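This is what each chain is made of:
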Amino acid sequence: MPTSEEEPQRDGAAGRGSAHAKVILFGEHAVVHGAPALALPIDTLGIDAVARYRSGPLRLVSDIYTGDLADAPDLLDSPRAVVTAAIAAFDLPVDGIEITVTGEVPPARGLGSSAAVAGALARALADLAGRELGDEEYLELVAVGERVAHGAPSGLDAHATAAGAPIIFEAGVARVLPHRTSGYLVVADSGVAGRTRRAVASVATFLERHPVRGAALMAGLGALAQQGALDLVAGRREQVGARMAEAQGMLRELGVSSPELDRIVDAALAAGALGAKLTGGGQGGCAIALVADPEGAAAVAEAMRAAGAVATWIHRIGPSDGRAG
Ligand code: PMV
């Protein structure tokens, strides 16, 4: 039976938080070595967290696992670290809270699911504690989870999964870009889990073995992010697409693509995409393709699925918002 003290908590308002997926349009991997990167929010794929007072040990309810957070599998080390840090930061009780996480961001696909889950958890627990969550504190809490999930993350995902507009990210600082390029981004899941940690390590090895070529590729990917940002702001859709194809060539040379991603990217280009590339850590995960109109996007999505993609999402990009039209 609940004690009289627990009753008002149990009936109390829930704390709610959300964050969304992201794609990296340009600059993945190079950003780890100091180059700029350009990311787009994918707000049609979201994560929601609801935290409630409830008697008993700290508990998680999710598709992956439901039970005491202390007994959650290693896979959930990152959200567990965020919850622990947030509870301490907001002076919440270590027990007596249940957190429900729902959402559509597939894990380990380069879409920022770990950062989105961390962001939603941080916001829900801040809300439960009746606290305003400032940007700095938000980013710090997400970074706690990202360090567990990825080792030494650049911080790009933490910013991008909270942003409402494209961002250019360099040296830990994110700037929001005005978005004047409309079109459709097809996001395609290769069906193979992305291996961000391993891919980041293979780039480091490439840079050691081929320092001159490696530096040129880092600079090239960074330049594509800078020029791509100018194109995006100026509404030069074709140029954005051409630069995506160029970036894919460089990422392939670095060894962070995969046969599955290559097939999907090539199929998108053959079906009329303006550009296509892997997105995120690579060696699995997702590919993205830029298309001018919804009919073209549907055809490209179909071609990507025929080439092996296990799921595709069509996301409208443009000046107003990101919802598929
Ligand atoms: O796989 P994702 O979406 O977490 O993206 C990783 C992006 C990298 O540049 C490869 C790593 C990083 O920390 O920025």
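Since the model is a prediction, treat every value here as computed from it, not as a measurement.

## A look at the site of the ligand
Then, number 1: Neighbouring the ligand are 14 residues; Lys22, His29, Ser154, Thr196 and Gly281 lie closest to it.
Then, number 2: Asp157 places a polar side-chain atom, nitrogen or oxygen, 3.0 Å from an oxygen atom of the ligand.
Then, number 3: With respect to the ligand, the side chain of Thr196 contributes an N or O atom lying 2.8 Å from an oxygen atom.
Then, number 4: Coverage of the ligand by the protein chains reaches 95% of its 380 Å² of free accessible surface.
Then, number 5: In the shell around the ligand, the residues fall into four nonpolar, seven polar and three charged.

## Digging into the packing of helix α7 (residues 211-234) against helix α8 (residues 237-254)
Then, number 1: Running from amino to carboxyl end, α7 crosses α8 at an angle of 160 degrees, the nearest separation of the two axes being 10 Å. With respect to each other, α7 and α8 are oriented roughly antiparallel. As α7 runs across α8, the sense of the crossing is left-handed. Here Arg213, Leu217, Met218, Gly220, Leu221, Leu224, Gln227, Gly228, Asp231 and Leu232 of α7 come into contact with α8, specifically with Gln239, Val240, Arg243, Glu246, Ala247, Met250, Leu251, Glu253 and Leu254.
Then, number 2: Split into classes, the residues belonging to the contact of α7 with α8 amount to ten nonpolar, four polar and five charged.

## Some thoughts on the pairing of strand β8 (residues 183-189)
The side chains of a regular strand alternate, residue by residue, between the two faces of the sheet.
Then, number 1: Along β8, seven of the seven residues are buried, which leaves the element largely enclosed by surrounding structure.
Then, number 2: Judged by which residues are buried, β8 turns out to be covered on both faces: Gly183, Leu185, Val187 and Asp189 on one side and Tyr184, Val186 and Ala188 on the other are all buried.
Then, number 3: Pairing of β8 with strand β11 (residues 311-317), which is carried by seven bridges, proceeds in the antiparallel orientation. Residue pairing across strands places Val187 opposite Trp313, the latter belonging to β11.

## Regarding the confidence of the model for the protein chain
Detail in the predicted coordinates should be disregarded across regions flagged by low pLDDT.
Then, number 1: Averaged over every residue, the pLDDT of the protein chain is 92; residues scoring 70 or more account for 94%.
Then, number 2: Under a pLDDT of 50 for its full length, residues 1-11 has, in the predicted model, six contacts with residues more than four places off or in other chains.
Then, number 3: Counted against residues more than four places away or in other chains, residues 321-325, with its pLDDT under 50, gives 14 contacts.

## Focus: unusual backbone geometry
Then, number 1: The backbone of Ala108 shows a phi angle near 55 degrees, a positive value even though the residue is not glycine.
Then, number 2: On the secondary structure map, Ala108 appears in the loop between β5 (97-103) and α3 (113-128).
Then, number 3: Unusually for a residue other than glycine, Gln283 sits at a positive phi of about 55 degrees.
Then, number 4: Along the chain, Gln283 falls in the loop between β9 (275-279) and β10 (286-291).

## Structural notes on the pattern of salt bridges
Then, number 1: Taken as a whole and assessed by the stated rule, the structure comprises twelve salt bridges.
Then, number 2: Linking Arg131 and Glu137 is a salt bridge whose minimum nitrogen-to-oxygen distance equals 3.3 Å.
Then, number 3: By relative accessible area, Arg131 is classed as partly exposed at 33%.
Then, number 4: Judged by relative accessible area, Glu137 falls into the partly exposed class, the value being 23%.
Then, number 5: As a salt-bridge pair, Asp231 and Arg243 come within 2.5 Å of each other at their nearest N and O atoms.

Rules used in this analysis
Residues numbered from 1 in each chain as written. Predicted model: local features only at pLDDT ≥ 70, side-chain atom pairs only at ≥ 80, totals over all residues. Heavy atoms only, no water. Near = heavy atom within 4 Å. Polar contact = N/O pair within 3.5 Å; in protein donor to acceptor, adjacent residues only side chain to side chain. Areas by Shrake-Rupley, 256 points an atom, 1.4 Å probe, with all protein chains shown as cover. Nonpolar A, V, L, I, M, F, W, Y, C, P; charged D, E, K, R; others polar. Axes fitted to C-alpha atoms, helices over the stretch in contact; angles between N-to-C directions. Helix = DSSP H or I, 4+ residues; strand = E, 2+ residues; numbered from the N terminus. Parallel < 35°, antiparallel > 145°, perpendicular 65-115°, else oblique. Left-handed = near helix turned anticlockwise from the far one by under 90°. Contact = heavy atoms within 4.5 Å. Buried < 20%, exposed > 50% of the residue type's maximum accessible area, 1.4 Å probe, protein only. Pairing = 2+ DSSP bridges. pLDDT = per-residue confidence, 0-100. Salt bridge = Lys/Arg side-chain N within 4 Å of Asp/Glu carboxyl O.

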